[in-house]
Amino acid sequence: MSRGNRATLSAWQKHLVDELRSLARDHPRDVRIAQQPQVGTGGDATLRLRLHTADIPYRPGGLELGEDEEFIVKIRPSLFSPPSAEVDHTRFLGFPHVLQGQRLCIYLDPSREWRPSAGMAGFLSRLWDWLTDAACGAFDPSTAMYHAVGGVLHHADDTPTIVVREPGPPKRQQIARLLARSPHRYDLTYSTDRDGHRTPVFVLASDLPFGAASTFALFLTLLDDPHLHRAEGRQPEVSPQSPAFLTSLLASALRNPDGTEQYFVLAVPHPAGGPHHLLGGRLPSTTADALRRLAKKHGTAVNLDPAIINADIPIEWCNMSDERQEVTTRRDDNRPVNGFQGWTVHIWGCGGLGSWLAEFIARAGASTITVCDPGTITGGLLVRQNYTEADIGQTKADALATRLRAIRDDLTVTVAEGSVPDPAVSLSADLIIDATVSHSITTYLDTLAGEDRTALIAQVATDARTGTLGIANICAPGAPGTPSELDDQAGRSVVADGALELYHPLWEEAAEGDELIPTRGCSVPTFHGSAADLAAVAATLVNMIGLHLQQAETPVSGTHLIALPHAPAGPRHHFLPAASDSRE
């Protein structure tokens with residue numbers, strides 16, 4: 001490249017380089033630019049930086065640093081991506097937060113941690129903190145992202161996501177099946193009574209600190225020499241694994257249809273112990289067909305030399321949705337909704353509150369949900385209820401059941417005919433939520449409350465004028481009092497309390513204008529409220545009920561009053577324990 005065509009620094013890169021030169025002038029002992037920046041074909045500016053690291057304290061188990069350490073720093077052309085740092089040796093290989101043996105993970109989440117306004121000083125501060133934590137052994141290897149496979153995500157575009165929920169294989173090699181749920185999702189199962197794409201699951205003997213490569217030939221090389229010891233004239237730490245892997249791969253390919261890709265799953269040991277990390281890959285159909293021809297001609301016990309395999313054959317890595325219990329923490333861990341996990345819940349009334357309540361409880365982990373509401377969905381309800389255009393004309397219960405089943409595979413959803421389920425079934429549930437706002441249902445529920453039951457009863461409603469208030473009357477099993485008695489008791493107390501004036505409308509007759517007439521003609525008046533209002537009220541009430549379900553002893557009976565932030569002035573939450581409850 002002639003001098004006139006040589007790539008030049010972008011304005012952003014020049015800004016950072018000037019900052020770095022200034023820092024080097026001000027701190028010559030600590031910071032040195034060992035090689036001036038050069039712009040590559042991709043537009044990144046690369047320079048070498050030397051830091052004096054002798055003063056960084058070391059603790060056993062930490063990363064051992066030299067007197068000085070040299071880093072290759074890459075500066076992107078724009079401010080949207082942070083600079084990166086890597087080394088040109090393998091002394092850091094296998095250490096947590098070292099990517100593919102040579103890149104340092106300075107920013108776990110650049111969108112939150114990279115501040116362009118801090119410039120190169122901010123980058124050096126992050127790098128220095130990284131070195132200090134590494135030398136002191138402050139990194140937790142068990143939580144280092146993708147530590148088992150070189151610290152990087154293995155993923156190719158246009159590949160499906162493989163969902164894994166079953167425990168890992170007990171054997172070194174095992175055949176699983178991939179079940180296509182959609183073009184974008186395949187589920188992995190070890191069940192032998194299911195059809196699907198035969199997929200070998202192969203447990204490796206070692207981690208893959210350099211990653212698993214993107215070509216078939218290099219991948220097989222890494223199987224036999226994961227730490228690339230041969231390049232240093234040393235014997236690999238593991239016995240060759242590629243022959244057994246190929247045998248397993250050929251055996252599966254032979255039983256899958258011609259013209260289809262061949263998938264495989266690797267179970268990679270984690271350096272810190274514990275469950276294996278899973279990688280899912282696939283070979284193109286042309287390669288899979290070649291493997292089939294090979295197996296038909298020579299059998300599956302073929303030993304291929306990775307050095308003679310076409311170096312251009314790609315491995316297309318699939319996104320893994322690893323949902324095994326041993327590696328997964330629920331995102332709602334330690335939240336009030338955890339009280340619903342594993343519970344059997346009845347939801348009576350699937351309208352403004354009930355339709356949202358059901359979805360939140362389904363996502364919270366209830367094991368079984370029974371819904372009942374014979375009402376039919378019309379277009380006007382979509383403004384505030386949890387339905388779609390496709391649901392119009394169905395009963396609310398049927399449409400909601402379909403939606404709940406789509407949320408979780410392991411959730412059992414049943415539809416009760418009529419307005420309420422059989423009383424014997426209801427009494428054996430863990431929780432009954434009445435969201436009907438029906439006097440008839442309340443009368444029926446009062447009789448049920450007096451029966452011998454295991455179910456906690458929660459009766460919920462909102463206000464007619466704004467749809468921003470919520471009430472939940474909680475009747476614990478074995479506690480005296482019916483929902484009506486609890487509501488009357490709470491109403492007398494609230495109406496007599498001026499500080500709770502916000503909630504008085506919950507016990508007052510609706511004044512003219514408080515309700516709306518949704519359509520012309522003989523339309524039943526209904527309450528005001530949007531989907532945002534009702535979903536928020538429902539979510540808050542779900543949390544309140546969830547707190548009762550989490551109580552180790554018999555849940556406390558009482559009344560929750562809640563108000564959304566845009567409701568008129570007053571307390572946002574107030575709880576009145578049932579007066580007859582000795583634990584108030």
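The protein is annotated in an unreviewed UniProt entry as Thiamine biosynthesis protein ThiF from Flexivirga aerilata.

Caption draft 1: Just the UniProt feature "domain: THIF-type NAD/FAD binding fold" (unreviewed entry) in the protein, in detail. UniProt records the feature "domain: THIF-type NAD/FAD binding fold" (unreviewed entry) at residues 345-458, using the numbering of this structure. Span residues 345-458 is 34% helix and 18% strand, its end C-alpha atoms 11 Å apart.

Caption draft 2: Region of interest: the domain arrangement of the protein. Per the domain assignment, the segments making up the protein are domain 1 (11-139), domain 2 (161-322) and domain 3 (336-577). Each of domain 2 and domain 3 has a C-alpha centre, and the two are 50 Å apart.

Caption draft 3: Just the pattern of salt bridges, in detail. Applying the stated rule across the entire model yields 26 salt bridges. Where D289 meets R292, a salt bridge forms, and the shortest distance between an N and an O atom there is 2.5 Å. One end of the pair, D289, and the other, R292, are both in helix α6 (residues 285-298), three residues apart, so they sit about a helical turn from each other. Judged by its relative accessible area of 2%, R292 is buried. Across the pair R324 and E326 runs a salt bridge, and its minimum N-O distance is 3.9 Å. The class for R324 is buried, based on a relative accessible area of 3%. Taken together, the shared-partner salt bridges connect R165, R181, R185, D187, E323 and D409 into one network.

Caption draft 4: Representation of the UniProt feature "domain: Cap2 central linker" (unreviewed entry) in the protein in the model. Using the residue numbers shown here, the UniProt feature "domain: Cap2 central linker" (unreviewed entry) corresponds to residues 197-323. Helix makes up 29% of residues 197-323 and strand 22%. Its end C-alpha atoms lie 20 Å apart.

Caption draft 5: Representation of the packing of helix α7 (residues 354-364) against helix α8 (residues 396-407) in the model. Relative to each other, α7 and α8 sit at 20°, their axes nearing to 10 Å. One way to sum up the angle between α7 and α8 is to call them roughly parallel. By crossing handedness, the relation of α7 to α8 is classed as right-handed. Where α7 approaches α8, its residues G354, S355, A358, E359, A362 and R363 are matched on the opposing element by L400, R403, L404 and I407.

Caption draft 6: Quick peek at the state of the cysteines. Under the criterion given, the structure shown has zero disulfides. Unpaired in terms of disulfides, C350 finds its nearest cysteine sulfur in C372, a separation of 6.4 Å. Here C475 stays free of any disulfide, with the sulfur of C372 as its closest cysteine sulfur at 17 Å. Judged by relative accessible area, C475 falls into the buried class, the value being 3%.

Caption draft 7: Local environment of the environment of V238. Turning to its location among the elements, V238 is positioned in the loop between α4 (216-224) and α5 (242-255). A sequence separation of 130 residues divides V238 from T368, and the C-alpha atoms of the two residues are 48 Å apart. Sequence-distant contacts of V238, that is, excluding residues within four places in its chain, are made with A205, S206, L223, D224 and P226.

Criteria and thresholds
Residues numbered from 1 in each chain as written. Predicted model: local features only at pLDDT ≥ 70, side-chain atom pairs only at ≥ 80, totals over all residues. Heavy atoms only, no water. UniProt positions renumbered as here; feature names shortened; annotations may be inferred. Helix = DSSP H or I, 4+ residues; strand = E, 2+ residues; numbered from the N terminus. Domains from an automatic or database assignment. Salt bridge = Lys/Arg side-chain N within 4 Å of Asp/Glu carboxyl O. Buried < 20%, exposed > 50% of the residue type's maximum accessible area, 1.4 Å probe, protein only. Axes fitted to C-alpha atoms, helices over the stretch in contact; angles between N-to-C directions. Parallel < 35°, antiparallel > 145°, perpendicular 65-115°, else oblique. Left-handed = near helix turned anticlockwise from the far one by under 90°. Contact = heavy atoms within 4.5 Å. Disulfide = S-S within 2.5 Å.

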